[in-house]
Amino acid sequence: MALSFLPSFRNSHSIDRGWDFPRIFVLSVRPRKKPDSDDAVYVVVESEEKIVQHDNEVWEAFLTISYSLITNEHVMTGGKFLSSYHRRYKEPNGMVSLTSHGYGHGAVFLDLPGLSGNRVGSFLMHLVVRWLKQWPLAGVHPIELLPEDAQGTNGPRRNAFYQNIGLEFDGLENQVERVYSKPTTVEKLIVTDSWKQNIEVVSMADFLIQNTTQVKSLRFELENQKDIAESQYQRANRLEKQSPLHWLKLLWWKFT
């Protein structure tokens, strides 16, 4: 496919092991409770990687995953997932952050109106964890969870989001103060695949071709409907002119 020659449409991360996603691709997201529905929405995802090396060894690495929701009217501003690896002389195995380019505790927030609970966040975190698996012995910076983020149904969903990737917490039940994830290493993190139940990864090339084909099909159908309408209009005119009522109308117009 010609579009696959474009660098951004190919697998392009320099130090990845097992990464099988191109730099830019599209998620076809169906409702979590109706995964067989034809009612899909589309999210464009782009990943960027920056590497800092010394003596041919990686000392720092940064991953930025950007996403935007496509609607029928426009592309809505989405957000970013950030992750990083840092190696220090006192920490030969290094440390990673699941949520930032620095050393902060942090958490992630998915800004996609109407898509909460549809596993988009799980997919993006799946990418983060897979990328971090390059440093299995690295420690994981704790995740910080605030009590104000645990209101209503958001609390259980938020907790499951982090617990599904292998993080453990104390004090989540009836949370009244901030809690932090327990110390762990990358090798203990879990690469989840629950997103496969209602999300399909589509290459940008295939997405563009599918939409171009759909537009052509709709234009053909529109022209066909116009032809049918014109044919029916002409037929109606012919029938009207052949009707006795048509001639009575002409006579009435002529003598009045």
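Attention here is on the structure that accompanies the text. For clarity, every value in this text was computed on a predicted model and none was experimentally measured.

Counting residues in each nonpolar core, the largest one holds 44 residues, and the members touching the most others are Leu 27, Val 43, Phe 81, Leu 98, Phe 123 and Met 125. Mapped by element, the contributors of at least two residues to this core are strand S1 (24–29), strand S2 (41–54), strand S3 (57–70), strand S4 (75–88), helix H1 (120–132) and helix H2 (154–163). With nine residues, the top contributor of residues to this core is H1. Contacts of Phe 81, omitting those with residues within four sequence positions, involve Leu 63, Thr 64, Ile 65, Tyr 67, Val 108, Phe 109, Leu 110, Gly 121, Leu 124, Met 125, Val 128 and Phe 161. Listed in part, the five residues of the second largest apolar core include Val 26, Val 202, Met 204 and Phe 207.

Moving on to the packing of aromatic side chains. A ring pair, where both rings are aromatic, is described by two values, the distance of the centres and the angle of the planes. Going through the model one piece at a time under the given rule, you end up with seven aromatic pairs. Plain terms: the ring middles of Tyr 67 and Phe 81 are 6.2 Å apart, the flat faces sit at 80° to each other, and that makes the pair edge-to-face. Taken together, the positions of Tyr 67 in strand S3 and Phe 81 in strand S4 put the pair 14 residues apart, joining distant regions of the chain. The two residues Tyr 67 and Phe 81 agree in class, both being buried. Plain terms: the ring middles of Phe 123 and Trp 195 are 4.8 Å apart, the flat faces sit at 80° to each other, and that makes the pair edge-to-face. With a gap of 72 residues between them, Phe 123 in helix H1 and Trp 195 in the loop between strand S8 (179–180) and strand S9 (199–203) connect regions that are remote in the sequence. For Phe 123, a relative accessible area of 0% gives the class buried. Of the residues examined, Trp 195 reaches a relative accessible area of 6% and is grouped as buried. An aromatic cluster of at least three residues, connected via ring pairs, comprises Phe 25, Phe 123 and Trp 195. A cation sits over an aromatic face here: Arg 87 above Trp 59, 4.6 Å from the ring centre.

Now for the pairing of S1. Within S1, six of the six residues are buried, leaving the element largely enclosed by the surrounding structure. Of the two faces of S1, the one carrying Ile 24, Val 26 and Ser 28 and the one carrying Phe 25, Leu 27 and Val 29 are both buried. Bridge count for S1 against S9 is five bridges, and the pairing is antiparallel. Of the residues in S9, the one forming a bridge with Ser 28 is Glu 200.

This part is about the layout of surface pockets. Of the volumes computed, that of the largest pocket is approximately 610 Å³. Elements represented by at least two residues in the lining of the largest pocket include exactly H1, strand S7 (144–145) and H2. When residues in the lining of the largest pocket are grouped by element, the largest group, six residues, is from H2. Classifying every residue of the lining of the largest pocket by side-chain character gives 13 nonpolar, eight polar and six charged.

This paragraph deals with the pairing of S3. Across the 14 residues that make up S3, a large majority, 10, are buried. Across 13 bridges, S2 lies against S3 in antiparallel orientation. Directly across from His 54, in S3, lies its bridge partner Glu 57. What sits between the antiparallel neighbours S2 and S3 is a turn of two residues, in which Asp 55 has the positive phi angle 55°.

What counts as what
Residues numbered from 1 in each chain as written. Predicted model: local features only at pLDDT ≥ 70, side-chain atom pairs only at ≥ 80, totals over all residues. Heavy atoms only, no water. Core = buried A, V, L, I, M, F, W, Y, C linked by side-chain atoms within 4.5 Å. Buried < 20%, exposed > 50% of the residue type's maximum accessible area, 1.4 Å probe, protein only. Helix = DSSP H or I, 4+ residues; strand = E, 2+ residues; numbered from the N terminus. Contact = heavy atoms within 4.5 Å. Phe/Tyr/Trp six-rings, centres within 6.5 Å; stacked < 30°, edge-to-face > 60°. Lys NZ or Arg CZ within 6 Å of the ring centre and 35° of its normal. Pairing = 2+ DSSP bridges. 1 Å grid on protein atoms, 1.4 Å probe; cavity = no way out; pocket = protein on both sides within 12 Å on 5 of 7 lines; lining within 4 Å. Points joined across faces, edges and corners; volume = space filled by probe spheres on them. Nonpolar A, V, L, I, M, F, W, Y, C, P; charged D, E, K, R; others polar.

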